[in-house]
Amino acid sequence: MGGEIFQAQVIKNFFDCITGTDRNLTRIYMCVVSLAKLRMEPPEKFAVLVEQMKKSKQKRELSIDIIDYVCSCATEIDLTSVQTAFGVKEVSEMADTFNSISLDSL
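For clarity, every value in this text was computed on a predicted model and none was experimentally measured.

Cut-offs and rules
Residues numbered from 1 in each chain as written. Predicted model: local features only at pLDDT ≥ 70, side-chain atom pairs only at ≥ 80, totals over all residues. Heavy atoms only, no water. Core = buried A, V, L, I, M, F, W, Y, C linked by side-chain atoms within 4.5 Å. Buried < 20%, exposed > 50% of the residue type's maximum accessible area, 1.4 Å probe, protein only. Helix = DSSP H or I, 4+ residues; strand = E, 2+ residues; numbered from the N terminus. Salt bridge = Lys/Arg side-chain N within 4 Å of Asp/Glu carboxyl O. Expected span 1.5 Å × (residues − 1). Arc of directions from axis to C-beta. Contact = heavy atoms within 4.5 Å. Polar contact = N/O pair within 3.5 Å; in protein donor to acceptor, adjacent residues only side chain to side chain.

### Things to note about the nonpolar core
Turning to step 1, where the next piece is worked out: If you look at the biggest cluster of nonpolar residues, it comprises 18 residues, and the most contacted ones within it are Phe14, Ile28, Val32, Leu35, Tyr69 and Val70.
Turning to step 2, where the next piece is worked out: The element best represented in this core is helix α1 (residues 2–19), accounting for 6 residues.

### What about the pattern of salt bridges?
Turning to step 1, where the next piece is worked out: Tallied over the entire structure, the rule returns 3 salt bridges.
Turning to step 2, where the next piece is worked out: As a salt-bridge pair, Glu41 and Arg39 come within 3.0 Å of each other at their nearest N and O atoms.
Turning to step 3, where the next piece is worked out: By relative accessible area, Arg39 is classed as partly exposed at 24%.
Turning to step 4, where the next piece is worked out: Glu76 is paired through a salt bridge with Arg39; the nearest N and O atoms lie 2.6 Å apart. Linking Glu76 in helix α4 (residues 64–76) with Arg39 in the loop between α2 (25–38) and α3 (43–59), this pair joins segments that are 37 residues apart in sequence.
Turning to step 5, where the next piece is worked out: Connected through salt bridges with shared partners, the residues Arg39, Glu41 and Glu76 form a single ionic network.

### Looking at α3
Turning to step 1, where the next piece is worked out: With 17 residues, α3 should reach 24 Å at 1.5 Å per residue; the first-to-last C-alpha distance of 24 Å fits that figure.
Turning to step 2, where the next piece is worked out: The set of residues buried in α3 consists of Leu49, Val50, Gln52, Met53 and Ser56. Viewed along the axis of α3, the buried residues span an arc of 160 degrees, placing them on a single side of the element. Facing away from the buried surface of α3 by more than 90 degrees, the exposed residues are Pro43, Glu44, Gln58 and Lys59.
Turning to step 3, where the next piece is worked out: Those residues of α3 that are buried are in contact with α2 and α4.
Turning to step 4, where the next piece is worked out: The positive-phi residue at the C-terminal boundary of α3 is Arg60, with phi of around 55 degrees.

### A look at the side chain of Ser56
Turning to step 1, where the next piece is worked out: Tracing the backbone through its elements, the reader meets Ser56 in helix α3.
Turning to step 2, where the next piece is worked out: A polar contact is formed between the side chain of Ser56 and the backbone nitrogen of Ser63, at a distance of 2.9 Å.
Turning to step 3, where the next piece is worked out: When near neighbours in sequence (up to four residues on either side) are disregarded, Ser56 contacts Leu25, Glu61, Leu62 and Ser63.

By themselves, these figures tell us nothing about what the structure is for.
Right, here's the structure in full:
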């Protein structure tokens, strides 16, 4: 489970990079490499990812294969690990903390 938490954090950083104002390809490259290493991808897959990143740098445009890889990694992660990584609680757990709502507070 610990590895999946790290993967979730790397994936979050990846999407923060590509959707933020500073779309630094070096940061994106580090996210992709870190994710591949955490997932212990075979050398062939790792080489393909590095090659796609090199092409992205040359074209100054992120390869769709990189986005596809990260998205597929995200869908494979256990939801509980992702929730743990970001401190998200189940709605049912949060509902227990609310005893009642006062109409005066509305």
